[in-house]
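The chain contents come next:
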Amino acid sequence: MAATFFGEVVRAPCRAGTEDEEEEEEEGRRETPEDGEVRQQLARKREVRLLRRQTKTTLEVSLLEKYPCSKFIIAIGNNAVAFLSSFIMNSGVWEEVGCAKLWNEWCRTVDTTHLSPTEAFCVFYHLKSNPSVFGSCPRKNMQVTILTCRHVTDYKTSESTSSLHTPFLKALKTQNFREPPCCSLLEQPNIVHDLPAAVLSYCQVWKISAILYLCYTDVMKLDLITVEAFKPVLSSRSLKSLVKNIPQSTEILKKLMTTNEIQSNIYT
Amino acid sequence: MASQYDRAITVFSPDGHLFQVEYAQEAVKKGSTVVGIRGTDIVVLGVEKKSVAKLQDERIVRKICALDDHVCMAFAGLTADARVVISRARVECQSHKLTVEDPVTVEYITRFIATLKQKYTQSNGRRPFGISALIVGFDDDGIPRLYQTDPSGTYHAWKANAIGRSAKTVQEFLEKNYTEDAIANDSEAIKLAIRALLEVVQSGGKNIELAIIRRKQPLKMFSAKEIELQVNETGKKKEEAEKKKSKKTA
């Protein structure tokens, strides 16, 4: 391109290429059969699969629809999962119904056809004594509770982050959620990201009663204090009936912590 | 706003933040907890020992280091940065002794470390040190001292403080429990440090390291058995206190 003295931009002649360049570009853009095959293979690999872990058989969605559901609790992130495992799932007998596995190009696993059971990304459980607590399909009278964590540096506030008492809980709910939340609501301009946001948006669109409890913490890996910050949630109407033995839960939580991790050598 | 002004250490943001220094303080929170208590005749440093890999030699991982016979420090944050700061501080302690023929005061060496840290917040091509330190010791006048430095290069004297992961929780505990009775004697001060650490240490006494300095005595590191004893005694006292409480309410 070149600009003339009159300010107009003209296409400068280029000795390197000919006017046939545009046609060549179009040919390049047309897909070859190999490209199509690769694209189809990738699409097959990226399919979300629902299956039973023990038998490795596919779980048909219609089978899941057999289970009526009144409460759906989803925990995202290791602290939220630890809270759910210690405080909710230690009461009563929870039966694993299935799991959802997926793969995309960012996964480190090379073998996509035989993902091992330890790589399950989402496991579904239902309470044997009260099978209405579970489900994956939206139902009108269902209540959804989402638990997740976020680093406190993502929390936008006029106060300095060093004066915040981390960890702390914030809530965000759909219009249909009528109960008072167990903590203060998430203020603007903070927003929720990723899967919790997707679930909450879905519930808002389909008019499902849902609440998201977001724990802002400065320790993103498994941490006792962060997990205990979720405790106010146990007083909510939907979860109160599921909690039996809090001291036992605290012991289970401590065991979860000790089976944990070798820390990085960079920080001491 | 932050994304435009947080890449260079020598650039202030329009609202007066030095974001790199603030981010360095986040690095400190990634280190395990350190608590320091200044008693009447004793200073105590307690740290949460981090778990090491199976094949790693545990002895090399040290959070509490002596800077001189009468001063020691514990840090939280980037291990390599701590090694550099400790090494410079130790050299300075000996250099001071040779030049002035007196050992450093705790405040002097704290000011030296803080000045070093501040220099790294004001040079281009460098980044701040990602550590906070608790420096304890006794001066010649026999008064116990506890100082804290942070990545910005500020330092303050404290009666008791905590740094590292979950430091806020420990600080709140100390604010409630640091009383004249609690530091009445040496063993009470040690128990206070252990109780403060147990608020956040998830696996009990085996992951705690403790060091004390008494007046005119060198640094003493507690062995695992001694720590276990102290933790058990602290546990017993807690149970007794809880029993008394439940009797009162009944």
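Residues numbered from 1 in each chain as written. Chains lettered and ligands numbered in written order. Predicted model: local features only at pLDDT ≥ 70, side-chain atom pairs only at ≥ 80, totals over all residues. Heavy atoms only, no water.

Draft legend 1. Fine view of the overall build of chain B. Scanning chain B from N- to C-terminus turns up seven helices and ten strands. A globule of 250 residues ought to have a C-alpha radius of gyration of about 18 Å, and chain B, at 19 Å, matches this closely. Taken along its principal axes, the extent of the C-alpha atoms in chain B is 65 × 50 × 40 Å. Looking at chain B residue by residue over its 250 residues, the buried ones come to 48%. Restricting the contact set of chain B to residue pairs at least 6 apart, pairs at least 24 apart contribute 61%. Surface summary for chain B: the accessible area is close to 12800 Å², and the carbon and sulfur share equals 52%. Of the charged side chains in chain B, 40 are positive and 33 negative; the average position of the first set lies 5 Å away from that of the second. (Helix = DSSP H or I, 4+ residues; strand = E, 2+ residues; numbered from the N terminus. Rg over C-alpha atoms; globule rule 2.2 N^0.38 Å. Buried < 20%, exposed > 50% of the residue type's maximum accessible area, 1.4 Å probe, protein only. Contact = heavy atoms within 4.5 Å. Areas by Shrake-Rupley, 256 points an atom, 1.4 Å probe, with all protein chains shown as cover. Lys, Arg positive; Asp, Glu negative; His and termini not counted. Charge placed at Lys NZ, Arg CZ, Asp CG, Glu CD.)

Draft legend 2. Geometry of the sheet that holds strand β1 (residues 34-38) of chain B. All names here are of chain B. One open sheet accounts for five strands, arranged β8-β1-β2-β9-β10; its pairing is antiparallel. Strands with a single pairing partner mark the edges of an open sheet, and in this sheet they are β8 (160-163) and β10 (220-221). Bridging between β1 and β8 involves four bridges; their strand directions are antiparallel. By the bridge assignment, V34 is partnered in β8 with I163. (Pairing = 2+ DSSP bridges.)

Draft legend 3. Broad picture of the packing of helix α3 (residues 79-100) of chain B against helix α4 (residues 106-119) of chain B. Residue and element names in this part refer to chain B. The contact between α3 and α4 brings their axes to 10 Å, and the two run at 135°. As judged from the angle between their axes, α3 and α4 are oblique. For the crossing formed where α3 meets α4, the hand is right-handed. Counting all contacts with α3, which are made through V85, R88, A89, E92, C93 and H96, the residues of α4 involved are Y108, I109, F112, I113 and L116. Considered class by class, the residues forming the contact of α3 with α4 number eight nonpolar, one polar and two charged. (Axes fitted to C-alpha atoms, helices over the stretch in contact; angles between N-to-C directions. Parallel < 35°, antiparallel > 145°, perpendicular 65-115°, else oblique. Left-handed = near helix turned anticlockwise from the far one by under 90°. Nonpolar A, V, L, I, M, F, W, Y, C, P; charged D, E, K, R; others polar.)

Draft legend 4. Expanded view of the sheet that holds strand β3 (residues 64-66) of chain B. Residue and element names in this part refer to chain B. Taken together, five strands build an open sheet; the order of strands is β3-β4-β5-β6-β7 and the sheet is antiparallel. Of all the strands in the sheet, just β3 and β7 (155-157) have a single pairing partner and so form its edges. With strand direction ignored, the average angle separating the axes of adjacent strands in the sheet is 20°. Pairing between strand β6 (residues 144-149) and β7: three bridges, direction antiparallel.

Draft legend 5. Quick peek at the packing of helix α6 (residues 186-198) of chain B against helix α7 (residues 224-249) of chain B. All names here are of chain B. Orientation of α6 relative to α7, taken along the N-to-C sense of each, is 85°, at an axis distance of 10 Å. One way to sum up the angle between α6 and α7 is to call them roughly perpendicular. Of the residues in α7, those touching α6 at E188, I190, K191, I194, R195 and L198 are Q230, V231, E233, T234 and K237. Taken together, the residues that form the contact of α6 with α7 break down as four nonpolar, two polar and five charged.

Draft legend 6. Inspection of the pairing of strand β9 (residues 209-217) of chain A at higher detail. Residues and elements named next belong to chain A. Counting buried positions over the nine residues of β9 gives nine, a clear majority of the element. Here β9 shows a buried face lined by S209, I211, Y213, C215 and T217 and a second buried face lined by A210, L212, L214 and Y216. Bridging between strand β7 (residues 143-151) and β9 involves nine bridges; their strand directions are parallel. Note that in β9 the partner of T148 across the bridge is L214. The pairing of strand β8 (residues 168-173) with β9 spans six bridges and is antiparallel. Counted as the bridge partner of A171 is Y213 from β9.

Draft legend 7. The pattern of salt bridges, seen in detail. For the coordinates displayed, the defined rule picks out 17 salt bridges over all chains. Close ionic contact of K97 of chain B with D68 of chain B constitutes a salt bridge, the shortest N to O distance being 3.3 Å. Residue K97 of chain B is located in helix α3, and its partner D68 of chain B is located in the loop between β3 and β4 (71-77); the two are separated by 29 residues in the primary sequence. Exposure remark for D68 of chain B: the relative accessible area of 8% places this residue in the buried category. The partner of E226 of chain B in a salt bridge is K220 of chain B, with the nearest N and O atoms 3.0 Å apart. Residue classification places K220 of chain B among the partly exposed positions, given a relative accessible area of 30%. Here the salt bridges do not stand alone but share partners, grouping R150, D154 and D194 of chain A into one network. (Salt bridge = Lys/Arg side-chain N within 4 Å of Asp/Glu carboxyl O.)

Draft legend 8. Focus on the interface of chain A and chain B. Across the boundary between the two partners, chain A contributes 24 residues, which contact 26 residues of chain B. For the pair chain A and chain B, the summed buried surface comes to about 2100 Å²; carbon and sulfur atoms form 49% of the total. Our count for the contact surface shared by chain A and chain B stands at one salt bridge. For D218 of chain A, the salt bridge identified is with K29 of chain B, shortest N-O distance 4.0 Å. Inspection of the region where chain A meets chain B yields six residue pairs in polar contact (both at pLDDT 80 or more). When contributions to the side of chain A that touches chain B are tallied by element, the ones reaching two or more residues are α6 (224-228) and α8 (246-258) of chain A. Among the residues making up the side of chain A that touches chain B, the classes are represented as nine nonpolar, eleven polar and four charged. (Buried area = accessible area lost by both parts, 1.4 Å probe. Polar contact = N/O pair within 3.5 Å; in protein donor to acceptor, adjacent residues only side chain to side chain.)

Draft legend 9. Spotlight on the state of the cysteines. Inspection of every chain in the model, using the stated rule, returns zero disulfides over all chains. The thiol of C215 of chain A is unpaired, and the distance to the nearest cysteine sulfur, on C149 of chain A, comes to 4.6 Å. (Disulfide = S-S within 2.5 Å.)

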